[in-house]
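The residues making up each chain are set out below.
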Amino acid sequence: MANQNRYGTTAEMVIQEIDDHGIKRLLAIDGKGLYLTSHKLVNKNLADVNRYGNNRMDCNTKLEEMGYDPNEIYEENKHLINAGTGQQSKTKKLNPIKASKRRG
């Protein structure tokens, strides 16, 4: 089962490892797009500062400079977005206590 930390990065969100001028980074995806993170932040019960503290356009620019097409990568991997983000379904859960009071 995936780590349910909605602010962190899970292994299911990682697309590939990228060599960023000698530094190994992981390219990951979420509902806001692509971002670069590190191995030490994957599957930890911590918020990933790389996911929330960086400008996504900077990531896209860096990817383009390394010869990648961020739009193509996003389109090919957008099916991973809900797999590891810990997002809950949009259906409202039934509270059994309130439901029992409705019965009359």
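To keep things clear, this report deals only with the structure shown in the data block. Values in this document were obtained by computation on a predicted structure and should not be read as measured data.

### A short note on the sheet that holds strand β2 (residues 23-30)
Here comes step 1: The three strands lie next to each other as β1-β2-β3, forming an open sheet whose pairing is antiparallel. The open sheet has two edge strands with one neighbour each: β1 (14-20) and β3 (33-37). Recorded for the sheet is a direction-independent mean angle of 30° between the axes of neighbouring strands.
Here comes step 2: As defined by bridge partners, β1 adjoins β2 across six bridges and the pair is classed as antiparallel.

### Description of the pattern of salt bridges
Here comes step 1: Within the structure shown, the criterion is met by five salt bridges.
Here comes step 2: For the salt bridge of Asp20 with Arg25, the shortest nitrogen-to-oxygen distance reads 2.8 Å.
Here comes step 3: Taking the relative accessible area as the measure of exposure, Asp20 reaches 5% and is therefore buried.
Here comes step 4: For Asp30, the salt bridge identified is with Arg51, shortest N-O distance 2.7 Å. Taken together, the residues Asp30 in strand β2 and Arg51 in helix α1 (residues 49-52) connect sequence positions 21 residues apart. There is no split in this pair, since Asp30 and Arg51 are both buried.
Here comes step 5: If you follow the salt bridges from partner to partner, you end up with Asp20, Arg25 and Lys62 in one network.

### As for the side chain of Asn60
Here comes step 1: Residue placement: Asn60 occurs in helix α2 (residues 56-65).
Here comes step 2: Filtering out sequence-adjacent residues up to four positions away, Asn60 remains in contact with Leu34 and Pro70.

### Structural notes on the pairing of β3
Here comes step 1: Taken across its five residues, β3 has five buried, putting it largely inside the fold.
Here comes step 2: The pairing of β2 with β3 spans five bridges and is classified as antiparallel. Within β3, the residue paired with Leu26 across the bridge is Thr37.
Here comes step 3: Counting the residues that bridge the hairpin from β2 to β3 gives two residues.

### What to know about helix α3 (residues 70-77)
Here comes step 1: Turning to α3, its buried residues are Pro70, Ile73 and Asn77. Angularly, the buried residues of α3 cover 65° about the axis, an arc narrow enough to put them on a single face. Turned more than 90 degrees away from the buried face of α3 sit Asn71 and Glu76, all of them exposed.
Here comes step 2: Of the residues that open α3, the one with a side-chain oxygen 3.1 Å from the backbone nitrogen of Asn71 is Asp69.

### Quick word on the packing of aromatic side chains
Within a pair of aromatic rings, the relevant descriptors are the distance that separates the centres and the angle that separates the planes.
Here comes step 1: Per the counting criterion, the structure on display carries one aromatic pair.
Here comes step 2: Their ring planes at 65° and their centres at 5.7 Å tell us that Tyr7 and Tyr52 sit as a pair that is edge-to-face. Here the residue Tyr7 occupies a position in the segment before β1, and Tyr52 occupies one in helix α1, the gap between them amounting to 45 residues.
Here comes step 3: We classify Tyr7 as partly exposed; its relative accessible area is 40%.

Cut-offs applied
- Residues numbered from 1 in each chain as written.
- Predicted model: local features only at pLDDT ≥ 70, side-chain atom pairs only at ≥ 80, totals over all residues.
- Heavy atoms only, no water.
- Pairing = 2+ DSSP bridges.
- Helix = DSSP H or I, 4+ residues; strand = E, 2+ residues; numbered from the N terminus.
- Axes fitted to C-alpha atoms, helices over the stretch in contact; angles between N-to-C directions.
- Salt bridge = Lys/Arg side-chain N within 4 Å of Asp/Glu carboxyl O.
- Buried < 20%, exposed > 50% of the residue type's maximum accessible area, 1.4 Å probe, protein only.
- Contact = heavy atoms within 4.5 Å.
- Arc of directions from axis to C-beta.
- Polar contact = N/O pair within 3.5 Å; in protein donor to acceptor, adjacent residues only side chain to side chain.
- Phe/Tyr/Trp six-rings, centres within 6.5 Å; stacked < 30°, edge-to-face > 60°.

In short, the description is geometric, and any link to function would need to be established separately.
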